[in-house]
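Descriptive analysis of the structure
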Amino acid sequence: MIQTKLIPRAEEAYEPPILIKSMLAQSLKYEPQREIIYRDLFRMDYVRFNERVRQLANALTALGVQPGNTVAVLDWDSHRYLECFFGVTSLGAILHTVNVRLSPAQILYTMNHAEDKMVLIHEDFLPILNAVQDQLTTVESFVLLSDKVYTGATPDVPANFAGEYEALLADNSPDYDFPDFDENTWATTFYTTGTTGNPKGVYFSHRQLFMHTMGLATYVCGYQAVPFSSLSDVYMPLTPMFHVHAWGFPFLATMLSTKQVYPGRYEPDMLVKLLGNEQITLSHCVPTVMGMILACPAAQQVDLSHWKVIIGGSALTRGLAQAATAMGIQIYQGYGMSETAPVLALTHLNDTERNQTGDEQLALRTRAGRTAPFVEFKLLDDAGNDVPHDGQSVGELLVRAPWLTQGYYQDPEREVALWQGGWLHTGDVASISPDNWVQIADRLKDVIKTGGEWVSSLDMENVLSQLEGIAESAVVGITSERWGERPHALIVPKPGFELTEVSIKQQLQSKVDKGELNKWYVPDSVHIVSAIPKTSVGKIDKKQIRADLNSTMAKTTATT
């Protein structure tokens, strides 16, 4: 970094730190009458929302939460969670968004590792707490989150809890003057699971989350990548709020006083009901959730032509994109990681591309996206050499941006690997076109190396998604004495379809014969299954699939 001349400052000049509270403040300026909605249970405007955020701050303070303390939340996607996004962080405390889909042992590890002082927990997750409570080492108090209070029922508050969330808010003043502090103050933390070892703690500052929000605003509001306007859009997340702040969109939607809908637990009929009744226009989710909605009979009765959906977490296959488009849904893809807050790329069609045919646009919409504002990518080969951005050459994808986690909490070995060379290593193999389209070829660990050729499991899944009768697929590499590795596939049939390994291989061979598919891409085995293993955030769990297939093959070999 070069030496420069800094600006002089008057003795009493004031430059406000960029904090999460400043985004909250915007929500009252222009459209405070707009609503924030929770399922079919609760509605409020932004005036009431701001009051509740401050009541929460007073309640937490009264219960002993101080700047630097960590407050854990275990909840469905709700207005309460949104209040914690602002109320906990604006105190100078740290919000720990706990992944409720981890095993109890992993949840215990993350809560102890994060040094949680207070836990806000939905009644549905009390069995998890009961299993680990006596092993928590730093927690001093608990608060119950209950939906019963919105139906007139009385929640059952455990004896050792400080109280129930709504009652605590009601007992506290709606006035709270959030203080200034350093913008590099730690704001949030959560844990991402890998293929080995304990979950890794990522963390973000106020400045980073502010900058990520500005990056989103520039891309979706300014450049209209996924067109978003607070005047006409209604936002509903379908990505858990514990997962990378629901991709950061709740911060943006709140700053813009956008009408927001929080669905709670993901139940297909409730989601479809909210989509219709509240006229949702913008959501984001993993492919599994989109598939669940498309398969819901009630979705056939709702006009979804106004709904824009960003797919992330796993690749958007052409088959899923076609199925969504057929129902009138405007489909997009985004790319990012837990470590990147997360958005690094989104679908963006320029003036020329918007005039292309549907099939041409679909080919672009199923890429990982176009590089987001303020993001810098580069590619490296196995020898550490730069790879050209020519749209063809592939290498490991490295990134710099103003909102990347600066390490893994108390995990020096893995954070050194993450930031080797001063660039964050994504672990993805990708190509980048001269006009900044990113195409993910595979995860480094999932690329199938067979007979000197690289087979992309994502490419093969994309091919399978377009075959008749296939609802979902997963392709992994399994060790082969002759070829090094060979692809093997799991297939979930659509209801009413009878698929066999032979019929699927015949369809793939037809593509080989037509020159549409390389012969070495055809899986050695195809397994018809009722479901494909998923991670806690809905991604295909290829580590588990490989382990299961290896075990099955070992048993088969032992009996022959």
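Structure first, text after, so check above.
Criteria and thresholds
Residues numbered from 1 in each chain as written. Predicted model: local features only at pLDDT ≥ 70, side-chain atom pairs only at ≥ 80, totals over all residues. Heavy atoms only, no water. Helix = DSSP H or I, 4+ residues; strand = E, 2+ residues; numbered from the N terminus. Rg over C-alpha atoms; globule rule 2.2 N^0.38 Å. Buried < 20%, exposed > 50% of the residue type's maximum accessible area, 1.4 Å probe, protein only. Areas by Shrake-Rupley, 256 points an atom, 1.4 Å probe, with all protein chains shown as cover. Lys, Arg positive; Asp, Glu negative; His and termini not counted. Charge placed at Lys NZ, Arg CZ, Asp CG, Glu CD. Pairing = 2+ DSSP bridges. Right-handed = clockwise from strand over helix to strand, strands pointing away. Salt bridge = Lys/Arg side-chain N within 4 Å of Asp/Glu carboxyl O. Axes fitted to C-alpha atoms, helices over the stretch in contact; angles between N-to-C directions. Contact = heavy atoms within 4.5 Å.

**Description of the overall build of the chain**
In terms of helices and strands, the chain carries 17 helices and 26 strands. In terms of overall dimensions, the chain is globule-like: its C-alpha atoms have a radius of gyration of 24 Å, near the 24 Å expected for 560 residues. Evaluated residue by residue, the chain yields a buried proportion of 54% over its 560 residues. Carbon and sulfur atoms make up 50% of the accessible area of the chain, which amounts to about 24100 Å² in all. Here the chain holds 44 positive side-chain charges and 64 negative ones, and the gap between their average locations is 3 Å.

**A word on unusual backbone geometry**
Here the amide bond leading from A341 into P342 is cis, since omega sits at 0°, within 30 degrees of zero. Along the chain, P342 falls in the loop between β14 (330-336) and β15 (343-346). Notably, H245 is not glycine yet its phi reads approximately 55°, a positive angle. With respect to the helices, strands and loops of the structure, H245 is situated in helix α8 (residues 244-247). Not every positive phi belongs to a glycine, and W247 is a case in point at roughly 65°.

**A look at the pairing of strand β12 (residues 282-285)**
Where burial is concerned, the two faces of β12 agree: the one with L282 and H284 and the one with S283 and C285 are both buried. Pairing geometry for β12 and strand β13 (residues 308-311), over four bridges, is parallel. Looking at the pairing, L282 lines up with K308 of β13. In this region the chain leaves β12, passes through helix α11 (residues 287-294) and returns to the parallel neighbour β13; the handedness of that crossover is right-handed.

**Observations regarding the pattern of salt bridges**
Here the structure, examined in full by the defined rule, presents 28 salt bridges. The shortest N-O distance in the salt bridge between E267 and R39 comes to 2.7 Å. Separated by 228 residues along the polypeptide, E267 in the loop between β11 (259-262) and α10 (268-277) and R39 in the loop between β1 (35-38) and β2 (42-45) bring together distant segments of the chain. Look at R39 and you get buried, because its relative accessible area is 13%. Between R207 and E183 there is a salt bridge, with its nearest N and O atoms 3.5 Å apart. Highlighted residues: R207 in helix α7 (residues 206-222) and E183 in the loop between α6 (165-170) and β8 (186-192), separated in sequence by 24 residues. Residue classification places R207 among the partly exposed residues on the basis of a relative accessible area of 30%.

**Some words on the sheet that holds strand β26 (residues 525-528)**
Pairing within the open sheet is mixed, and its three strands lie in the order β24-β25-β26. At either margin of the open sheet sits one strand with a lone partner, and together these are β24 (470-480) and β26. Neighbour to neighbour, the strand axes of the sheet diverge by 25° on average, direction disregarded. Taken together, the 10 bridges between β24 and strand β25 (residues 484-493) define a ladder with antiparallel strand orientation. Each bridged residue has a counterpart across the sheet, and for A474 the counterpart in β25 is L490. Lying on the sheet, helix α15 (residues 457-465) is in contact with β24 and β25; it crosses β24 at an angle near 145°.

That's the geometry; what it means functionally is another story.
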